[in-house]
Amino acid sequence: MRDTSWIKTIEELDQLSVSELETLAINASKIRTRRSYTGENDFHNILAKRKLKLNQEFVFTPEYIEKFLWLDREIKRYAGILKEKGEKMLDDLERMIKDEDSFFNDYEIEAIISPFIEEDDDDDYYNGIMWAIESFHDCELKFNIKHIEHSLYFEDFYSDGMMAGKDNWNITIPKWRDLITEKPELAKYNIGYGMHEICDHSLWALQDIMQICDFHCDLKVEYQKYIS
């Protein structure tokens, strides 16, 4: 019989502390099977409730403000490097698919930036709740080199014209938006799409995000053969 002891209603989750939610999530991650996607929504609800409660407690200290802005700069820097290197590959890839003797007739090229939190074998935090979160989803930032205009990773992409400023995601992150209200001088910083994705769409709380120390970068090319 499937163990459903970790499945709770939203009302029940509301009554649990962060510590209790983390224990529930860790236990659930050991029970559930990703292959059958058993209880995906229930597991998501536990992690989302933990994130909500932690974010409500989070305070942007001067050190955290500096860290937040550093993370944003690093994502943009790495994205810029991957974009430059990826574009250098495009001519060769285009020539390949136009060559009548080529086995491949299409391709996809994707840049991936993955936040990295240093692992410690004796760290209950990493081996506990972080492992549980990562067992559910990988917090990866992805964009297609050929369609960078749809990703808005770069603060100067729409620097002029009708779309000017559209790539500033500083108001989508609730705690950062509130901080700008308190410290209007922070409004001058352009927050990129990467930080928006990590803060608004991952299951990491801001406390987790502040543990990021670097990023893994991948440039992935998928060679494809399709029947025309």
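First, a word on scope: everything that follows refers to the structure included in this document. Just so we're clear, the structure is a prediction, and the values are computed from it rather than from any experiment. (Residues numbered from 1 in each chain as written. Predicted model: local features only at pLDDT ≥ 70, side-chain atom pairs only at ≥ 80, totals over all residues. Heavy atoms only, no water.)

### Topic: the packing of helix α2 (residues 18-31) against helix α3 (residues 40-57)
Convention followed: Where helices are involved, their axes are fitted lines through C-alpha atoms of the stretch in contact, as for all axes, and angles between N-to-C directions lie from 0 to 180°. In DSSP terms, a helix is any run of H or I states spanning at least four residues, a strand is any run of E spanning at least two, and both are numbered starting from the N terminus. Here is the rule for angles: anything less than 35 degrees is roughly parallel, anything more than 145 is roughly antiparallel, 65 through 115 is roughly perpendicular, and the remaining ranges are oblique. By the definition used in this description, the sense in which the near helix is turned from the far one sets the handedness, with an anticlockwise turn below a right angle giving left-handed and a clockwise turn giving right-handed. The contact rule is simple, with two residues in contact once any of their heavy atoms fall within 4.5 Å. Residue polarity follows a fixed list, in which Ala, Val, Leu, Ile, Met, Phe, Trp, Tyr, Cys and Pro are nonpolar, Asp, Glu, Lys and Arg are charged, and the others, Gly among them, are polar.
Running from N to C, α2 and α3 cross one another at 155°; their axes reach a closest spacing of 9 Å. Of the possible angle classes, the one that applies to α2 and α3 is roughly antiparallel. Once α2 is placed against α3, the crossing between them reads as left-handed. For the pair α2 and α3, the contacting residues are V18, L21, E22, L24, A25, A28 and S29 in the first and F43, I46, L47, K49, R50, K53, L54 and E57 in the second. A breakdown of the residues in the contact of α2 with α3 according to their chemical character gives 9 nonpolar, 1 polar and 5 charged.

### Comments concerning the environment of Q224
Put simply, the rule reads: In the analysis that follows, any N or O atom pair within 3.5 Å is treated as a polar contact, provided that within protein one partner can donate a hydrogen and the other can accept it, and provided that, for residues neighboring in sequence, both atoms belong to side chains.
One can find Q224 in strand β3 (residues 214-224). Not counting chain neighbours up to four residues away, the residues in contact with Q224 comprise F104, N105, D106, Y107 and E108. At 3.5 Å, the side chain of Q224 and the side chain of Y226 are in polar contact.

### Some details on the packing of aromatic side chains
The following threshold applies: Between 30 and 60 degrees the pair is tilted, below 30 it is stacked and above 60 it is edge-to-face, where a pair is any two Phe, Tyr or Trp rings, Trp via its six-membered ring, whose centres lie within 6.5 Å. Only protein chains enter the accessibility calculation, which uses a 1.4 Å probe; a residue is then buried when its area is under 20% of its type maximum, exposed when over 50%, and partly exposed in between.
One pass over the full model with this rule turns up 9 aromatic pairs. A centroid spacing of 5.3 Å and a plane angle of 75° characterise the contact between F60 and W176, whose relative ring orientation is edge-to-face. Remark: W176 occurs in helix α6 (residues 174-182) and F60 occurs in the loop between α3 and α4 (62-98); sequence separation between them is 116 residues. The two residues F60 and W176 agree in class, both being buried. An angle of 85° between the planes, with centres 5.2 Å apart, marks the rings of F103 and F104 as edge-to-face. Note on F103: relative accessible area 55%, which makes it exposed.

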